[in-house]
Amino acid sequence: MRHFVYFSKSASTSGNALSGGDLMKAGRMDIAIHSLIQGVFLSHDFRKDVVFHFVFYGMPDPPKHLEIQVKDETVISKKDIGILIKKMLYKYKQGEKTEVFPGCFIEKKSFLGVVEELSEQGKDVFILDKKGEDLRAIKITNEPVFILGDHEGLPKKELKRLKQIAVPVSVGPKIYFASQVVAVVNNELDRREI
């Protein structure tokens, strides 16, 4: 199983912010949506071997952890990702990890809490970093976790702890959009049949 952990400092933690349809005002939710599409969609199919984690720190009620894994019963389409996220945010229940749709959960959990939990499960954790080791040269096991941020990057106050848990890796000499990075990582794992 592959895991992607996407952090956004500004993505809204309320479904109300998505009601107006302006994804820019909702904390660049457009970046999150494109990243999820690259993470779980294939041409005429889905990646059922991917768990996509969003950790949103925007207002009004941060942090929110949304976990999405496409199952056979999951009804999902590219054009409705914003609606899916909005409904998940609306269905949040304080103190619970709630399954809103098959394979789609929401809870209140910090970014570091999500990463530490995945690490404690024995998964190999990698942080996308332009100064990291080349993705093509590193050893990757069957349970990798890749951490990336939106256009504002990762939280600086937690970066020190993250670098103790995660191996920095780079997808190449250029800086790509978050969604492109997800596609490159998926492609590399596909080539390795991981």
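Here, the structure is the one placed above.
Conventions and cut-offs
Residues numbered from 1 in each chain as written. Predicted model: local features only at pLDDT ≥ 70, side-chain atom pairs only at ≥ 80, totals over all residues. Heavy atoms only, no water. Pairing = 2+ DSSP bridges. Helix = DSSP H or I, 4+ residues; strand = E, 2+ residues; numbered from the N terminus. Axes fitted to C-alpha atoms, helices over the stretch in contact; angles between N-to-C directions. Contact = heavy atoms within 4.5 Å. Expected span 1.5 Å × (residues − 1). Buried < 20%, exposed > 50% of the residue type's maximum accessible area, 1.4 Å probe, protein only. 1 Å grid on protein atoms, 1.4 Å probe; cavity = no way out; pocket = protein on both sides within 12 Å on 5 of 7 lines; lining within 4 Å. Points joined across faces, edges and corners; volume = space filled by probe spheres on them. Nonpolar A, V, L, I, M, F, W, Y, C, P; charged D, E, K, R; others polar.

Our focus in this paragraph is the sheet that holds strand β10 (residues 167-170). In spatial order, the strands read β6-β7-β5-β4-β1-β9-β8-β10; together these eight strands make up an open sheet with mixed pairing. Since the sheet does not close on itself, it has two edges, and those belong to β6 (98-101) and β10, each with one partner. Adjacent strand axes in the sheet meet at a mean angle of 30° when their direction is disregarded. Pairing of strand β8 (residues 124-134) with β10 involves five bridges; the strand directions are parallel. Directly across from Ile127, in β10, lies its bridge partner Pro168. Along the sheet, helix α3 (residues 111-120) makes contact with β1 (2-8), β4 (50-56), β5 (64-68), β8 and β9 (144-149), crossing β1 at roughly 165°.

Another point: helix α5 (residues 178-191). Across its 14 residues, α5 extends 20 Å between first and last C-alpha, which sits within 8% of the 20 Å expected from 1.5 Å per residue. Within α5 the residues assigned to the buried category are Ala178, Ser179, Val181, Val182, Val185, Asn186, Glu188 and Leu189. Buried-residue contacts for α5 involve β1, α1 (29-40), β4, β8 and β9. Count one or two residues on from α5 and you reach Glu193, which has phi positive near 60°.

Below, the discussion takes up the layout of surface pockets. Unfilled space is identified by rolling a water-sized probe across the atoms. Estimates place the volume of the largest pocket at around 770 Å³. Around the largest pocket, the lining is made up of 30 residues, and of these Gly149, Asp150, Gly153, Ile175 and Tyr176 lie nearest the centre. Taken together, the elements giving at least two residues each to the lining of the largest pocket come down to α1, β8, β9, α4 (156-165), β10 and α5. Top contributing element to the lining of the largest pocket by residue count: β8, with five residues. Its residues placed into classes, the lining of the largest pocket shows 13 nonpolar, seven polar and 10 charged. Quantified by volume, the second largest pocket comes out at close to 170 Å³. Every residue lining the second largest pocket is listed: Asp134, Leu135, Arg136, Val171, Gly172, Pro173, Val184, Asn187, Glu188 and Arg191. Ranked by residues supplied to the lining of the second largest pocket, first place goes to α5 with four residues. Across the lining of the second largest pocket, the residue classes tally to four nonpolar, two polar and four charged.

The analysis is restricted to geometry; functional conclusions fall outside its scope.
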